[in-house]
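Examination of the molecular architecture
These are the residues of each chain, in order.
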Amino acid sequence: MYRLVLFCFFSSAALLAGVKSGSPAPCDSEIYCTGPILHQVQKAKLFDDDKYFVDMKLKAMPDVVLSAFHNLSSQMPNMTVLPARLQEFLSVNFERAGSEFEPWTPPDWHDKPKFLGGIADPKLREWAEKIHNLWKSLGRKMRAGVKDHPELYSQMYVPHPFVVPGGRFRELYYWDSYWVVNGLLLSEMTDTFGALLLNNNSFSSPSCTLRRTGGLHDSGEYKYFFLLSCRYGFVPNGGRIYYERRSQPPFLTLMVESYYQATKDKDFLRGALPALEQEHRFWMQNRSVAVKVNGSEHVLNRYHVQVGLPRPESYTDDLDLAEGLTDGNDHKEQLWMDLKAGAESGWDFSSRWYVDGGGGHNNNKNNNSGSLRDTRTSQILPTDLNALLCLNEKTLASFHRILGDGDSAALYDQAAARRQGAMESVLWDAERGAWFDYNLMTHAKHSEFYPSNMAPVWAQCYSRPEMGEKAVQYLKASGALRFPNGVPTSLRESGQQWDYPNAWPPLQHMLISGLSKLPSEDAQQLAFDLAQRWIKTNWLAYIKYDAMFEKYDVNGDGKPGSGGEYDVQLGFGWTNGVVLQLLERYGATLTSGSRQVSPGLLLPLVISAALLMLYLI
């Protein structure tokens, strides 16, 4: 097998010639990222989902297809091709979406992984085994044509197989993979991240040189992310070229930690470290901002994508949203940038990112208000992003200590300490007992509830033990615990999918994991109660629909979530990973029967219900 040693350099972002915009295009393709074909096909709404077209394969070289379209449109009034002729054009020049993949069953999948034996409830054990089986249906392998003719695809080529989320998400996605990876490790599938490489030399690019060396197991999934971090300076949102200029929450360091804890492979860790440090530099150089609070300046991070064009995969949504803006192209470009930043956050979309014209709700600068058109993601310092980066910095310090580099470890320890101090100065609210996003426009915290307000508890990025316990009391009084099926993503019903009434697997897991790290019996019991609710919700929905979904409704009796730009998706990678982790941790006591809420929670739940009713009124 081979070991990757990565020599990473930032690639220069090429601007697309001829685009009338002050910012770069999403990628260099005049078919998949900008240009007349994209514009007319998407505007014609030939497919239910805009993503379908930009995932289709070309049958001929791009210049041939562009020339054919120019000839066709030149015959039409105003160069506009009628939908029927567009459909004919696509049938001649494109293949169906997804044709670049073939199914792939991981060779190290096997029956009866050990964790199943720790699940006491026989119904949950049988269900866990079915979820374990789902990994086989989510495996994908690229066809050789993607390597031989990458210009015909929007898919980024990698030579090894991987696991996808499912549904419309045909390709690999960045932050989803953290929960997928940990689920695969429980399924004893470490070799899925192993030596399934066609040729290491195929990774080489002008901006990234890779070298073979000896070693033990290589992680194919990680190599994919290392390659992307090496090639672009960061890990893109997903495996399509139209995602090239935006990332997602940076979980690569924690993925490597999971792999290292499973294998104790120091050679692997040493080979991975340059890509991890490269990613950290990217976020500090390109996604950080200085903010002054109480006379002191602090540096924290944000999501920020400087591409002022519609997202190719949601093209008409972005065009329609910007329709009617009266203050020129600058406002449209800013909106499209902030929508991409919202996509980079993983929370696409949420009232969390709204900043209305007055800076807040009814001129209250401490609240979010407005609509999707008021999305200003780049003007918000997110609590969870900074908690994640704090944990990354602590983890990078530990990696250097493992490898015997105390000086580098000290530098990352100092970075984590600076960030922790900044979070407590800018984001922490001692009166409320939680951390809150900071609005750079109003210079104030947003006071509304989101599970992300608890992220520093998960990351263990706070200076005093009582802060964690205060956060538990904040959660109990927030109104978010009254729902039978999990903790909602917010208490605001905006119609967006990262708001009430949806609950998302990664947020449930981070919340439960964070509470479980606190020493008090109260926090431990709350963690178990939330795990029980989430398992029951997922299990009931599986019984009804024979499927795992990307998100769930906090109300009802086991049903998928809704809202946002697309229909709820099934599969589903991170959902499976979270369920397996909760069953592994709490399997001895979780039940498929009726849930019993601990007595200590009953009074806070009653109070939360009353507060929520007042809020909704």
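Residues numbered from 1 in each chain as written. Predicted model: local features only at pLDDT ≥ 70, side-chain atom pairs only at ≥ 80, totals over all residues. Heavy atoms only, no water.

Topic: the overall build of the protein
- Within the protein one finds 20 helices and 16 strands.
- Relative to its full complement of 617 residues, the protein shows a buried share of 62%.
- Nonlocal contacts in the protein, meaning residues at least 24 apart in sequence, comprise 73% of its contacts between residues at least 6 apart.
- If you sum the accessible surface of the protein, you get close to 23,100 Å²; carbon and sulfur atoms cover 52% of it. (Helix = DSSP H or I, 4+ residues; strand = E, 2+ residues; numbered from the N terminus. Buried < 20%, exposed > 50% of the residue type's maximum accessible area, 1.4 Å probe, protein only. Contact = heavy atoms within 4.5 Å. Areas by Shrake-Rupley, 256 points an atom, 1.4 Å probe, with all protein chains shown as cover.)

Thoughts on the packing of helix H9 (residues 252-263) against helix H10 (residues 266-286)
- Following both chains from N to C, one finds H9 and H10 inclined at 175°, their axes separated by 10 Å at the closest point. Comparing their axes, H10 and H9 come out roughly antiparallel. Two secondary-structure elements touch here, H9 through Leu252, Thr253, Val256, Tyr259 and Tyr260 and H10 through Lys266, Phe268, Leu269, Ala272, Leu276 and Glu279.
- Of the residues that constitute the contact of H9 with H10, the class distribution is eight nonpolar, one polar and two charged. (Axes fitted to C-alpha atoms, helices over the stretch in contact; angles between N-to-C directions. Parallel < 35°, antiparallel > 145°, perpendicular 65-115°, else oblique. Nonpolar A, V, L, I, M, F, W, Y, C, P; charged D, E, K, R; others polar.)

Points about the environment of Gln40
- For Gln40, the position within the fold is in helix H1 (residues 36-43).
- Spatially, the C-alpha atoms of Gln40 and Leu82 are 9.1 Å apart, while their sequence positions differ by 42 residues.
- Ignoring sequence-local partners within four residues, the contact set of Gln40 consists of Phe69, Ser73, Met79, Thr80, Val81 and Leu86.

Notes on the nonpolar core
- In this structure, Phe53, Phe94, Trp127, Trp135, Phe251, Leu515 and Leu583 are the most contacted members of the largest nonpolar core, which totals 178 residues.
- Among the elements that line this core, the one with the most residues is helix H18 (residues 521-545), at twelve residues. (Core = buried A, V, L, I, M, F, W, Y, C linked by side-chain atoms within 4.5 Å.)

Details of the pairing of strand E5 (residues 139-142)
- For strand E4 (residues 101-103) and E5, the ladder comprises three bridges, and the chain directions are antiparallel. Across the sheet, the residue bridging to Phe101 is Met142, located in E5.
- Bridge count between E5 and strand E6 (residues 162-163): two bridges; the pairing is antiparallel. Its bridge partner lying in E6, Arg140 is registered against Phe162. (Pairing = 2+ DSSP bridges.)

Side note on the sheet that holds strand E13 (residues 438-439)
- Spatial strand order, E10-E13-E14: three strands in an open sheet with antiparallel pairing. Across the chains shown, the open sheet's two edge strands, defined by having one partner strand only, are strand E10 (380-381) and strand E14 (444-445).
- In the sheet, E10 pairs with E13 via two bridges, with the strands oriented antiparallel. From the neighbouring strand, Leu381 faces E13, where its bridge partner is Tyr438.

What about the state of the cysteines?
- In this structure the tally under the stated criterion is two disulfides.
- Through a disulfide, Cys27 is tied to Cys33; the S-S separation comes to 1.9 Å. Here Cys27 and Cys33 share a disulfide; its torsion about the S-S bond, 100°, makes the bridge right-handed.
- Its relative accessible area of 1% is what places Cys27 among the buried residues. (Disulfide = S-S within 2.5 Å.)

Some points on the pattern of salt bridges
- According to the stated counting rule, one finds 29 salt bridges in the structure shown.
- Asp55 is the partner of Arg170 in a salt bridge, and the nearest nitrogen-oxygen pair spans 2.6 Å. Here the residue Arg170 occupies a position in the loop between E6 and helix H7 (176-186), and Asp55 occupies one in the loop between helix H2 (50-54) and strand E2 (57-58), the gap between them amounting to 115 residues.
- Taking the shortest distance from any N to any O, the salt bridge between Glu171 and Arg240 comes out at 2.5 Å. Note that Glu171 is positioned in the loop between E6 and H7 and Arg240 in the loop between helix H8 (220-232) and H9, a separation of 69 residues in sequence. Both residues of the pair, Glu171 and Arg240, belong to the buried class.
- The network of salt bridges with common partners includes Lys51, Asp55, Glu100, Arg170, Glu171 and Arg240. (Salt bridge = Lys/Arg side-chain N within 4 Å of Asp/Glu carboxyl O.)

Here we look at the packing of aromatic side chains
- Across all of its chains, the model carries 38 aromatic pairs by this definition.
- Above the ring of Trp347, the side-chain terminus of Arg352 is found at 4.5 Å from the ring centroid.
- Residue placement shows Arg482 over the ring face of Phe483; its charged tip is 5.2 Å from the ring centre. (Phe/Tyr/Trp six-rings, centres within 6.5 Å; stacked < 30°, edge-to-face > 60°. Lys NZ or Arg CZ within 6 Å of the ring centre and 35° of its normal.)

Some details on unusual backbone geometry
- With an omega of 5°, the peptide bond running from Asp348 to Phe349 counts as cis.
- Cis geometry is found at the peptide bond from Tyr500 to Pro501, where omega equals 10°.
- Of note, the phi angle at Asn78 is positive, near 60°, even though the residue is not glycine.
- Tracing the backbone through its elements, the reader meets Asn78 in the loop between helix H3 (62-74) and helix H4 (83-93).
- Given a relative accessible area of 74%, Asn78 falls into the exposed group.
- Here the phi dihedral of His443 falls at roughly 55°; this positive angle occurs in a residue that is not glycine.
- Relative to the helices and strands, His443 is located in the loop between E13 and E14.

Notes on the environment of Gln248
- Here Gln248 shows up in the loop between H8 and H9.
- Using a relative accessible area of 6% as the deciding quantity, one classes Gln248 as buried.
- Here the alpha-carbon distance between Gln248 and Ala343, two residues 95 residues apart in the chain, equals 7.6 Å.
- In this structure, Gln248 is in contact with Tyr173, Tyr174, Trp175, Asp176, Val235, Asn237, Trp283, Ala343, Glu344 and Gly346, ignoring residues within four places of it in sequence.
- Side-chain polar atoms of Gln248 contact the backbone nitrogen of Tyr174, separated by 3.4 Å.
- Within the structure, Gln248 has its side chain in polar contact with the backbone nitrogen of Trp175 (distance 3.1 Å). (Polar contact = N/O pair within 3.5 Å; in protein donor to acceptor, adjacent residues only side chain to side chain.)

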